[in-house]
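# Chain and residue survey
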Amino acid sequence: MAGPSTSERAPTAEGRRPGPLIVTEDAGLLDDLLRLCAAAGAHPQVYHAVPEQRASWDAAPLVLVGDDAAARCGGATRRRDVLLVGRGLDDPGVWRRAVEIGAECVLRLPDAESWLVDRIADVAEGSGRRALTVGVIGGRGGAGASTLACALAVTAAREGRRTMLVDGDPLGGGLDVLLGGEQTEGLRWPDLAASRGRVAGGALEESLPSLRGLRVLSWDRGEPLAIRPEAMRSVLAAARRRGGVVVVDLPRRVDDATTEALAQLDLGLLVVPADLRAVAAAKRVADAVGTLLRELRVVVRGPYAAGVEDQWVADVLGLPLVGGVPEEPGLMAALDAGVPPGDSARSPLGRFSAAFWERALAEESVS
């Protein structure tokens, strides 16, 4: 087996996580992979063939095998997280070579660059299980979607979960206001809305305002501006890499940025006030977003009109029911006093949110 083209194991800075292991003699492909590693903040080890020290192969968190080196890796120990990478890959024999080295997939550059950067970034940041990402959208204006999104985030943080709350609605007034933190220092969407490249998860988390034990990405008090789809994709991908839970407050209109957000959700909650007109409006919203979501469920908000029940609303919309949130006396007075939704575990919103996370996280653990 050939030796490494760089040192067998270069000294690592204190706290630096091991980067991917690259195996290739193709200079052009190596340049591409090193560029992608740099974009992801990773520090790879590079070899021409399987390293003589088996531990280097076994311990690497990710192995990137160039198509030119596949034959030289055929006898290596089978392991997970091996990717076969090339720039052409038009040869149908590439799939046979991938099977021979136990690769989980075949990647063609430059087409797969964005995906590969995110995968390498997971390694660089030590990402484990991605955050459970829940989007909240109102069935009509004033449905209480922002209130529920805040309550879910506040409850998750109170229960000790790493939590990020993302305000995806530039016309919603700012979730930091609901949390009483509009003066708290930290980045807002105008600082990130034009982002095009990868966003580091750790840097994002540290740069956002910390309110009630959670991190919040909201808006400033300036003029509304459009979020680039690339920015929404990068920000949510970074947030998800940090693990825990991410709650996204979504607008009812589906623009390009909202489409990107919907694509990254594990679950969407459609908040529907318990009256007939709201159900009719929610049906249109459900039709617009339902095809873009993995799963969409219904939350019914009180007060309840005569004859309207939770399950009836869900049946009309043709969606699974999460449950109902009864009317919460004193909610507006509490908000005016700077007390965020869900701050009290005994409130209707607090009880609903705690029960929701218990079920949702249990479902995730068995998925």
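Summary of the structure given here.

Definitions and cut-offs
- Residues numbered from 1 in each chain as written.
- Predicted model: local features only at pLDDT ≥ 70, side-chain atom pairs only at ≥ 80, totals over all residues.
- Heavy atoms only, no water.
- Pairing = 2+ DSSP bridges.
- Helix = DSSP H or I, 4+ residues; strand = E, 2+ residues; numbered from the N terminus.
- Contact = heavy atoms within 4.5 Å.
- Axes fitted to C-alpha atoms, helices over the stretch in contact; angles between N-to-C directions.
- Buried < 20%, exposed > 50% of the residue type's maximum accessible area, 1.4 Å probe, protein only.
- Phe/Tyr/Trp six-rings, centres within 6.5 Å; stacked < 30°, edge-to-face > 60°.

### What about the sheet that holds strand 6 (residues 132–138)?
- Here eight strands make up an open sheet; going across it, the order is 8-9-7-10-6-11-12-13 and the pairing mixed. Looking at strand neighbours, the two that pair on one side only are strand 8 (210–211) and strand 13 (321–325), the edges of this open sheet.
- Sheet topology places strand 6 next to strand 11 (residues 267–273); five bridges connect them, and they run parallel. Considered in strand 11, the bridge of Ile137 is made with Leu270.
- With respect to the sheet, helix 9 (residues 229–241) is in contact with strand 6, strand 7 (163–167), strand 9 (214–217) and strand 10 (245–250), its orientation differing from that of strand 10 by roughly 150°.

### Focus: the pairing of strand 10
- With six of its six residues buried, strand 10 lies for the most part within the structure.
- Here strand 10 shows no split at all, with Val245, Val247 and Asp249 on one side and Val246, Val248 and Leu250 on the other all buried.
- In this structure, strand 6 lies alongside strand 10, joined through six bridges in parallel fashion. By the bridge assignment, Val136 is partnered in strand 10 with Asp249.

### A short note on the packing of aromatic side chains
- Per the stated rule, a full pass over the model turns up two aromatic pairs.
- Ring centres of Phe356 and Trp357 lie 5.1 Å apart, and the angle between their planes is 65°; on these two criteria the pair is classed as edge-to-face. The exposure classification of Phe356 matches that of Trp357, with both residues buried.

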